[in-house]
Amino acid sequence: MLIGRIEDALEHDNLRAVAGKVNLIFTSPPFPLVRKKRYGNETGEQYLKWLESLAPRLSDLLAPQGSIVIEIGNSWEPGVPVMSTLGLEALLAFKRAGNLHLCQQLICHNPARLPSPAQWVNVNRERLKDSFTHVWWMSRDHHPKADNRRVLLPYSGHMKGLLKSKKYNSGVRPSGHVISTSGFLTDHGGAIAPNVLRISEDDAALPEALLQFSGTSADFKYREYCKTHGHELHPARMQMGLAGFLIEFLTEPGDLILDPFGGSNTTGYAAESLKRRWLSVEASADYALGSRGRFIEQEEKAA
Ligand SMILES: C[S@@+](CC[C@H](N)C(=O)[O-])C[C@H]1O[C@@H](n2cnc3c(N)ncnc32)[C@H](O)[C@@H]1O
């Protein structure tokens, strides 16, 4: 993990050395509207220009069939119940400047999220609870490395019944889809995951490979470590299951993953657990040092 701004890190030998070799850049960039407050930097149009300026340089780090996945939460205008479109505008500018294709949009639904924005949802009751983030998957190639067989979901009870009974109604559905006589009779080991992910900490319906991320132990270790060592807990940690899902879907063991806005290094920990190599960059030394708590067992084993 490099401590410093990604703008500077991109000039550093560690990142120059991996140009054209990164299989996945997975990140959740700083939030546009609070950026001034938290990081003393760009807002509005300047934020857009700043993110856009990073796109070509990050894109150049990608392996020919590498992917860039960006998670962006919904953001709101200050003081009014109106959503900001800045995050989306910045994303489109990033896509253009990085010469990237949009492979797919994913929605990550977190039903356990506390009601927000509190003023408009809880107090005035004039907006609904904001409970999902956008995940944008982009790449330079039309066919980036990806295999949905690595992230199969457990079959539903109904599907298990079909596989067992080998009986279902084939033919044309009202939607026009033609259901073949045997298409549903093969057991592929699980169901293809949809692009709406529901990844809550206690979700039993996670892909098999990701059950290791469904508990809270990694986060518990991290919180305990920050408490004991006096580090601030990162206030905007992404869900470990989301990082794990995309890493598993878009890379293979041994591949290299980069998070340019590493925060508490959720990406690095998920990558390490799935036997991928990783690099993270984080501007705040305190967040970066606190993230060591995620790796406590590995550090103890190595000692
Ligand atoms: C939304 S958070 C990422 C959270 C992270 N995904 C996690 O799970 O902990 C964005 C992070 O970007 C960092 N940051 C802001 N500006 C940066 C810059 N120019 N270079 C590198 N990191 C930066 C912030 O300190 C913050 O930790």
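Analysis parameters
- Residues numbered from 1 in each chain as written.
- Predicted model: local features only at pLDDT ≥ 70, side-chain atom pairs only at ≥ 80, totals over all residues.
- Core = buried A, V, L, I, M, F, W, Y, C linked by C-beta atoms within 7 Å.
- Buried ≥ 20, exposed ≤ 12 C-beta atoms within 10 Å, placed from the backbone.
- Helix = DSSP H or I, 4+ residues; strand = E, 2+ residues; numbered from the N terminus.
- Contact = placed C-beta atoms within 7 Å.
- Pairing = 2+ DSSP bridges.
- Axes fitted to C-alpha atoms, helices over the stretch in contact; angles between N-to-C directions.
- Near = placed C-beta within 6 Å.
- Nonpolar A, V, L, I, M, F, W, Y, C, P; charged D, E, K, R; others polar.
- Expected span 1.5 Å × (residues − 1).
- Bend = angle between axes of the 7 residues up to and from the residue.

Q: So what about the nonpolar core? Which residues, and what values?
A: In terms of nonpolar packing, the biggest core is built from 50 residues, with I25, V69, L246 and I247 touching the most fellow members. Of all the elements, helix α9 (residues 240-250) adds the most residues to this core, at 8 residues. Discounting residues that sit within four places of it in the chain, I25 has contacts with L58, L61, L62, I68, L258 and P260.

Q: Describe the sheet that holds strand β12 (residues 277-282), and please don't skip the residues or the numbers.
A: As summarised here, the arrangement of the 8 strands in space is β1-β12-β11-β2-β3-β7-β6-β10, forming an open sheet in which the pairing is mixed. Sheet topology places β1 (2-3) and β10 (196-198) at the edges, where each strand pairs with a single neighbour. Direction of pairing for strand β6 (residues 101-109) relative to β10: parallel, over a ladder of 3 bridges. Opposite C108, over in β10, you have L197 as the bridge partner. Sheet strands touched by α9: β2 (22-27), β3 (62-73), β6, β10 and β11 (256-259). Its angle to β2, the strand with the most contacts, is close to 160 degrees.

Q: How would you sum up the environment of L185? Please name residues and give values.
A: If you trace the backbone, L185 turns up in the loop between β9 (178-179) and β10. The spacing of L185 and K166 is 19 residues in sequence and 5.9 Å in space, taken between C-alpha atoms. Among residues more than four places away in sequence, those in contact with L185 are L163 and K166.

Q: Give a description of the site of the ligand that names residues and reports values.
A: Within the structure, the ligand sits among 19 residues, and F261, G263, S264, T266 and A283 are positioned closest to it. Secondary-structure elements contributing two or more residues to the shell around the ligand are α1 (6-9) and β12. When grouped by side-chain class, the residues that make up the shell around the ligand number 9 nonpolar, 6 polar and 4 charged.

Q: How would you explain the pairing of β6 if you had to name every residue and give the values?
A: Bridge count between β6 and strand β7 (residues 132-139): 8 bridges; the pairing is antiparallel. What sits directly across from C108, in β7, is T133.

Q: Explain helix α4 (residues 44-61) residue by residue, including any values.
A: Here α4 is 18 residues long and its end C-alpha atoms lie 27 Å apart, about the 26 Å a rise of 1.5 Å per residue gives. Helix geometry: α4 is bent most strongly at A55, by close to 30 degrees, with proline P56 lying one to four residues after it. Taken as a whole, α4 has its buried residues at Y47, L48, L51, A55, L58, S59 and L61.

Q: Provide a residue-level description of unusual backbone geometry, including the pertinent values.
A: Note the cis peptide between S116 and P117, where omega equals -5 degrees. With respect to the helices and strands, P117 occurs in the loop between β6 and α6 (118-123). Positive phi outside glycine occurs at N265, with the angle close to 60 degrees. Considering the arrangement of structural elements, one finds N265 in the loop between β11 and α10 (266-273). The backbone of K275 shows a phi angle near 65 degrees, a positive value even though the residue is not glycine. With respect to the secondary-structure elements, K275 resides in the loop between α10 and β12.

Everything listed here is a matter of coordinates, which is why it stays silent on function.
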